[in-house]
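The residues making up each chain are set out below.
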Amino acid sequence: MLNRFLGVLLAGTVLPSFVLAQETVVLDEIVLNAESGDTLDQYGYLARSGRQAMRIDTEIKRLPQSVSVITQDQLEDQAPRTMLEALSYTSSATPGVFGFDTRYDAFYLRGFPAYQTGVFRDGLRSFNGLSSWYRNDPYTLEGIAVLKGPASSMFGVSTPGGVVNLVSKRPKDTPFHETSLSYGSNARTQASVDFTGPLDEDGNLLYRFTAVARDADTHLDGYADDHVLIAPSVSYQISDTQKLLVMGEYAKSRTGAMAYNWFDSSLPASDWKVTDEPAGDPDYNIYDQEQFLLGYEYTQDLGSSTQFRQSYRYTKVRSDMRYAARAGTSADDLVPVNWTRYHEDASTHVIDAILEHRFETGSFAHTLAFGADYTLAKYDAHTGSTVLGQAANDAMDVPFYASRKQTQKGIYLADQIERDALTISASARYDWVTTDYADVDLETGEVSAGQQKDEAFTGRLGISYEFANGVTPFANISTSFAPNISQVYENASDSRGAPAEATEALQKEVGLKYELPDGNTMITASVFDIRQDHGMVLVVGDDGRNRGIDYNLTSRGFELEANSTLDNGLNLVASYTHMKVTIDKGTEGTEGKELSGTPNDTLSLFAKYAIPSGAMENLALMGGIRYVGKSFGNDTNTMRNPSRTYVDLGLSYDFAKQGHAGTLLQLNVRNLLDRREQTCTAGWCYQDEGRTIDLNLSRRF
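Quick caveat: nothing in here was measured; it's all calculated off a predicted structure.

(A) Region of interest: the pairing of strand E16 (residues 242–255). Here strand E15 (residues 225–237) pairs with E16 via eleven bridges, running antiparallel. Bridge pairing links Tyr236 to Leu244 in E16. In this antiparallel pair of consecutive strands, E15 and E16, the connection spans four residues. Inspection of the sheet shows E16 paired to strand E17 (residues 280–301) by 14 bridges, in the antiparallel sense. Bridging across to E17, Lys252 finds its partner in Glu290.

Given below as structure tokens:
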């Protein structure tokens, strides 16, 4: 690698004399892209095909279901710091339900909580404990695919609102090197590297190494956002028909344990107002998390029309919280009154195997996939609190709180049938889930333990037809299934919970996709109806702890989304969602009401224009607007969250004209107008983060 780099430098020094002696030769522009294109085919802000939706390679325009893809280019331009920020321009995604919080990727899809069972990485399920959630750094990804609506027939245990499938960066067969350094608001300093390319002359052995180091404060006093990550991977072309990819990741982070501001909950709910004072003690607010990932993907071609794929991943997450909650009669006299410790270890083994076969029956082309997967996941949590101060809290022998051990086995069958412009997509699956649980009564300390078994059949049937003018109407019906790992409580003040029933849902969706004649713009519109039984909604109890409440919900809405990458240098993504989530069954006084924290209307637009020529060539201008409509702050609908509008700006400049092609200076301003709005969800209130500015200098070679 070093020799190649020195070779490039040497070539640069001798090039001028060569040009003087020879006729001028105009070389084609070399574009260094970070994406591998291995499992997701993308162009600018457009995704053309991939395995993210059906586990088999599919043209997204013909897939009879709504799919949003956040491409590598969009991630690079918007420079999201968290997965929540990456989702902020996606239709039907609600990433701001809990205000500012860098600890967790907590978001809603089509009005349903999707953070517990809706996150997948490279097609494998992510199991989250109570607090030990695997944090996914956007810098380690080359795309994010959001499949809307129930997807259990292909992905197994998952949420009714859909799944977010994160696509990891993979080794490339062409060298790519990137180093970057950024500085931003709240003393945020971050350095990152991303190197990939072949390790041998034949190109059979490829590598990738990604690393991030960050030291940062936040707008919350005493709340850090420090992070260190390394992510190595190696792929080996064993033979013409076999390939093995091994991936690893290690990360360690420190944030605050309490991520919200103080408000006076003794007032009537309609008068609640979040202050600028942190609810946690700035001198004692620590959340340390350590996580580890190791996995592989193996593919083997069994002839020209059959392929076998197997993937496995092991993850382990450890979390340790130490914090003090403050109380007072006003924001000016807050003092620590309760000190808390929390420890949790969570680990997961996931393995999936799929056999894909392509064949024809008459004039119909089939892509048939048969697969099976297995998950073994567990967590063990301990927590305790004291009123005796920080020293007593640190010395505490932390008592047991809860544990789970869950095994999940599933088999699935899918057939994608195509005939000319017609596509029929069908899939079916059966899952068996066994959960061993143990929970403590919050008042008596008594531990209850037992075993719960759930099983379910899920299916999906969709149809689409691509007309010659580029319009593709589609329709589908699909179901989902997800056992709940937490206890269910009668209400927020209940101290004794019980095992929760599995969440099941049914979706009906119709829509159309339109690809403009130039092939560089895709518009998707859809109408959906999702009915959910036994959903788990988290509410904050009287003691400050989260409790799961059993809710039946109905979500109905309309989505409109457009992605475009034009030859004139313009890229844009736009979305609009109108949605209403009704509580069919919940706590007392909530039936027939709307689910809190879910806005009826959201609208977003982000555009980038790269000036193609002239004096301002290599300068790119970026801008975005995000509108979040009104919503209710509690499930009894006695308080409202106001609508709000956020503006984002950015610009970048490539120093190619100065002889430094690949050196890029980029500025991103998020929430330009410094809107610090209040969002209340399930009767608990949070404040948005204000304006942030990040300046990044990167070099690609």
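(B) Seen up close, the pattern of salt bridges. Taken as a whole and judged by the stated rule, the model has 39 salt bridges. Among the ionic pairs, Glu509 bridges to Arg110, the shortest N-O distance being 2.9 Å. With Glu509 in strand E27 (residues 503–515) and Arg110 in the loop between strand E6 (108–109) and strand E7 (112–113), this pair connects stretches of sequence that are 399 residues apart. Across this residue pair, the class does not change: Glu509 and Arg110 are buried. Arg254 is the salt-bridge partner of Asp288, the closest N and O atoms lying 2.6 Å from each other.

(C) Broad picture of empty space enclosed by the protein. Scanning all chains against the criterion turns up 15 cavities of 30 Å³ or more. By volume, the largest cavity amounts to about 790 Å³. Residue assignment for the lining of the largest cavity shows that the elements contributing at least two residues are helix H3 (83–86), strand E5 (93–94), strand E31 (601–610), strand E32 (619–628), strand E35 (644–654) and strand E39 (692–700). Its residues assigned to classes, the lining of the largest cavity shows 13 nonpolar, 22 polar and twelve charged.

(D) Structural context of the sheet that holds strand E3 (residues 58–59). A sheet is described by the order of its strands in space; here three strands give the open sequence E1-E2-E3, paired in antiparallel fashion. Each edge of the open sheet carries a strand with a single partner, namely strand E1 (40–43) and E3. Direction of pairing for E1 relative to strand E2 (residues 46–50): antiparallel, over a ladder of four bridges. Each residue of the ladder has a partner; that of Asp41, found in E2, is Ser49.

Reading the values: the criteria
- Residues numbered from 1 in each chain as written.
- Predicted model: local features only at pLDDT ≥ 70, side-chain atom pairs only at ≥ 80, totals over all residues.
- Heavy atoms only, no water.
- Pairing = 2+ DSSP bridges.
- Helix = DSSP H or I, 4+ residues; strand = E, 2+ residues; numbered from the N terminus.
- Salt bridge = Lys/Arg side-chain N within 4 Å of Asp/Glu carboxyl O.
- Buried < 20%, exposed > 50% of the residue type's maximum accessible area, 1.4 Å probe, protein only.
- 1 Å grid on protein atoms, 1.4 Å probe; cavity = no way out; pocket = protein on both sides within 12 Å on 5 of 7 lines; lining within 4 Å.
- Points joined across faces, edges and corners; volume = space filled by probe spheres on them.
- Nonpolar A, V, L, I, M, F, W, Y, C, P; charged D, E, K, R; others polar.

These figures capture arrangement, not role.
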